[in-house]
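Residue-level listing of the chains:
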Amino acid sequence: MTPRFRSRFKYNRPPIVCALSARNRPSTRNPRFKCSATPILDLEQSPPQPSKSWLPKLIGVALGVFLGLLLILNDQDRLPQWHWPAVNGFLLIPALYVVIAIHEIGHFVAGRIVGFEMGAFSVGAFVFTKSGKNWVFRFDRRKWVGGFYTPLNGITRFNTTRCAWMVGGGPLASILLAVLCGEIFARCGSGYWAWIGTLCWTSLFILIIAAVPFSAGLNKSDSARLWQLIRHPQRARSWMALLAIQAQDAGGLRPREWNLQQFEEMLLVDSSAREYLYCQLMAFYRRLDEGSDAVALAHLENALARSAQSGKEWRHVLFLEAASASASIVSFRQGCEACCAGGESGP
């Protein structure tokens, strides 16, 4: 899921709540004042601090140490006398990019077979995003390692089996690559510059990462998503509805034109789910486009309240939306005050 700032905030009528600066907001200790429905937007409450996700880092460090020790022991001939694939350290990063690309292509191919379109594709810092009928490329220097595939579901009826095949396409591609590299190694050795052995080890590494169930920001690993689809299909329906809304948004439909049934299905997402923040942000855009300003701000407040578990990019998008909303509200209030002052001073 790739965050995107839209700045669509336009008011057709006076908002119910207004953003107050630290200088003129009322004290909540005064019994005459009550907390508003949007305390974070009204600066009555600070947004939650980002939580430190130590589990994915710990898993990555443990796997890295394990593979590093395995390679060191292999070089020192302390492992059983098996014919282990050789590794070229200079080819680790290119091999990692190749393995990630094949993994994400596996998601894409499996998704196309079961009826999903591609919404975004990333291999390391190279990101391709669909916008309407066009594709946009950007180079994100902050993401040198990793990748993602964003499916778009344009089908009204949800099917967990289709989603499970799409999610499992990536690990299946990694398994096929590891088996192919192992077969080539058994027949021809590690190859020139040990590129076969390097591909074999990196494919095994990516396969292990995909097999470990964990969540990072708003994203889940392949095994965690498969577990949700198999064991909790009702919870997964909101995620599938979100994919359908993403497909309509990428197709150029305005938020008010999104399918109402899928939109309401998306809003049934559990507040503890990782995609809850994204669903609330999409609901903010929909209600805002419909002119329901107070309801839209309530959805934005819910997203801000759950921003602790999101990444930096998502927090930046939420704060930009909040700043845009606050600026629009404050400018509208100042305009009303100027009109009132002008009316009182008139003849």
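These numbers come from a predicted model, not from an experiment. (Residues numbered from 1 in each chain as written. Predicted model: local features only at pLDDT ≥ 70, side-chain atom pairs only at ≥ 80, totals over all residues. Heavy atoms only, no water.)

## Examining the packing of aromatic side chains
The full count for this structure, using the stated rule, is seven aromatic pairs. Considering the side-chain rings of Tyr-192 and Trp-193, the 5.7 Å spacing of their centres and the 15° angle between planes classify their relative orientation as stacked. Classification of Trp-193 by relative accessible area gives exposed; the value is 57%. Aromatic ring contacts, followed pair by pair, group Tyr-97, Phe-126, Phe-128, Phe-137 and Phe-139 into a single cluster. Positioned above the aromatic ring of Phe-116 is the side chain of Arg-162, whose terminal nitrogen or guanidinium carbon lies 4.6 Å from the ring centre. Of note, Arg-225 hangs over the ring of Trp-239, and the distance from its end group to the ring centre comes to 4.3 Å. (Phe/Tyr/Trp six-rings, centres within 6.5 Å; stacked < 30°, edge-to-face > 60°. Buried < 20%, exposed > 50% of the residue type's maximum accessible area, 1.4 Å probe, protein only. Lys NZ or Arg CZ within 6 Å of the ring centre and 35° of its normal.)

## Overview of the sheet that holds strand β2 (residues 126-131)
Across the sheet, which stays open at both edges, the four strands sit in the order β3-β2-β1-β4 with antiparallel pairing between neighbours. Two strands in the sheet have a free side with no partner beyond their single neighbour: β3 (134-139) and β4 (147-152). Taken pair by pair, the neighbouring strands of this sheet meet at an average axis angle of 15°, ignoring direction. Here six bridges tie strand β1 (residues 117-123) to β4, and the two strands are oriented antiparallel to one another. Paired with Met-118 across the strands is Pro-151, a residue of β4. Along the sheet face, helix α2 (residues 92-114) touches β1, β2 and β4 and points at about 175° away from the line of β1. Lying on the sheet, helix α6 (residues 233-250) is in contact with β2 and β4; it crosses β4 at an angle near 85°. (Pairing = 2+ DSSP bridges. Helix = DSSP H or I, 4+ residues; strand = E, 2+ residues; numbered from the N terminus. Axes fitted to C-alpha atoms, helices over the stretch in contact; angles between N-to-C directions. Contact = heavy atoms within 4.5 Å.)

## A look at a nonpolar patch on the surface
A surface patch of nonpolar side chains, about 760 Å² in accessible area, is lined by Phe-126, Phe-128, Trp-135, Phe-137, Phe-139, Trp-144 and Val-145. No other element matches β3, which puts three residues into the nonpolar patch. With respect to the secondary-structure elements, Phe-126 resides in strand β2. (Patch = residues over 30% accessible without salt bridge, like charges linked within 9 Å, V, L, I, M, F, W, Y side chains within 5 Å. Areas by Shrake-Rupley, 256 points an atom, 1.4 Å probe, with all protein chains shown as cover. Salt bridge = Lys/Arg side-chain N within 4 Å of Asp/Glu carboxyl O.)

## So, α6
For α6, which comprises 18 residues, the first-to-last C-alpha distance of 25 Å matches the rise-based estimate of 26 Å (1.5 Å per residue) to within 8%. Taking burial as the measure, the 18 residues of α6 include 14 buried ones, the bulk of the element. Phi turns positive one or two residues past the end of α6, at Gly-252, with a value near 100°. (Expected span 1.5 Å × (residues − 1).)

## Details of the packing of helix α8 (residues 276-290) against helix α9 (residues 293-305)
Contact pair α8 / α9: the axes reach a minimum separation of 8 Å and the direction vectors enclose 165°. Looking at the two axes, α8 sits roughly antiparallel to α9. Here α8 and α9 pass one another in a crossing that is left-handed. Touching Tyr-276, Leu-277, Gln-280, Leu-281, Ala-283, Phe-284, Arg-287 and Leu-288 of α8 are Asp-293, Val-295, Ala-296, Leu-297, His-299, Leu-300, Asn-302 and Ala-303, all from α9. Taken together, the residues that form the contact of α8 with α9 break down as 11 nonpolar, three polar and two charged. (Parallel < 35°, antiparallel > 145°, perpendicular 65-115°, else oblique. Left-handed = near helix turned anticlockwise from the far one by under 90°. Nonpolar A, V, L, I, M, F, W, Y, C, P; charged D, E, K, R; others polar.)

## A word on the nonpolar core
Ranked by size, the top nonpolar core spans 57 residues in total, and within it Trp-239, Met-266, Leu-281, Met-282 and Leu-300 carry the most contacts. Per element, the largest residue contribution to this core is 10 residues, and it comes from α8. (Core = buried A, V, L, I, M, F, W, Y, C linked by side-chain atoms within 4.5 Å.)

## A closer look at the packing of helix α3 (residues 160-188) against helix α4 (residues 195-211)
Closest axis-to-axis distance for the α3/α4 pair is 9 Å, and the angle between their directions is 150°. It follows from the interaxial angle that α3 and α4 lie roughly antiparallel. Judged by the twist between their axes, the crossing of α3 over α4 is left-handed. Counted together, Pro-171, Ser-174, Ile-175, Leu-177, Ala-178, Cys-181, Gly-182, Ile-184 and Phe-185 of α3 and Ile-196, Leu-199, Cys-200, Ser-203, Leu-204, Ile-206, Leu-207 and Ala-210 of α4 form the full contact between these two elements. Across the contact of α3 with α4, the residue classes break down as 14 nonpolar, three polar and no charged.

## A closer look at the environment of Gln-49
Topologically, Gln-49 is positioned in the segment before α1 (54-75). The exposure class of Gln-49 is exposed, given its relative accessible area of 62%. Along the primary structure Gln-49 and Gln-309 are separated by 260 residues, whereas in three dimensions their C-alpha atoms are 8.9 Å apart. With residues up to four places along the chain from it excluded, the contact list for Gln-49 reads Ala-308 and Arg-315.

## Examining the pattern of salt bridges
A full pass over the atoms with the stated rule returns nine salt bridges. Measuring nitrogen to oxygen at the nearest pair gives 2.8 Å for the salt bridge that ties Glu-117 to Arg-112. By relative accessible area, which is 38% here, Glu-117 ends up partly exposed. Relative accessible area serves as the criterion here: at 44%, Arg-112 is assigned to the partly exposed category. A salt bridge links Arg-256 to Asp-289; its shortest N-O distance comes to 3.1 Å. Residue Arg-256 is found in the loop between α6 and α7 (260-266), and its partner Asp-289 is found in helix α8; the two are separated by 33 residues along the sequence. Residue Arg-256 is classed as partly exposed on the basis of its relative accessible area, which comes to 42%. In this structure Asp-289 comes out as buried when scored by relative accessible area, which is 16%. Here the residues in one salt-bridge network are Arg-254, Arg-256 and Asp-289, joined through shared partners.

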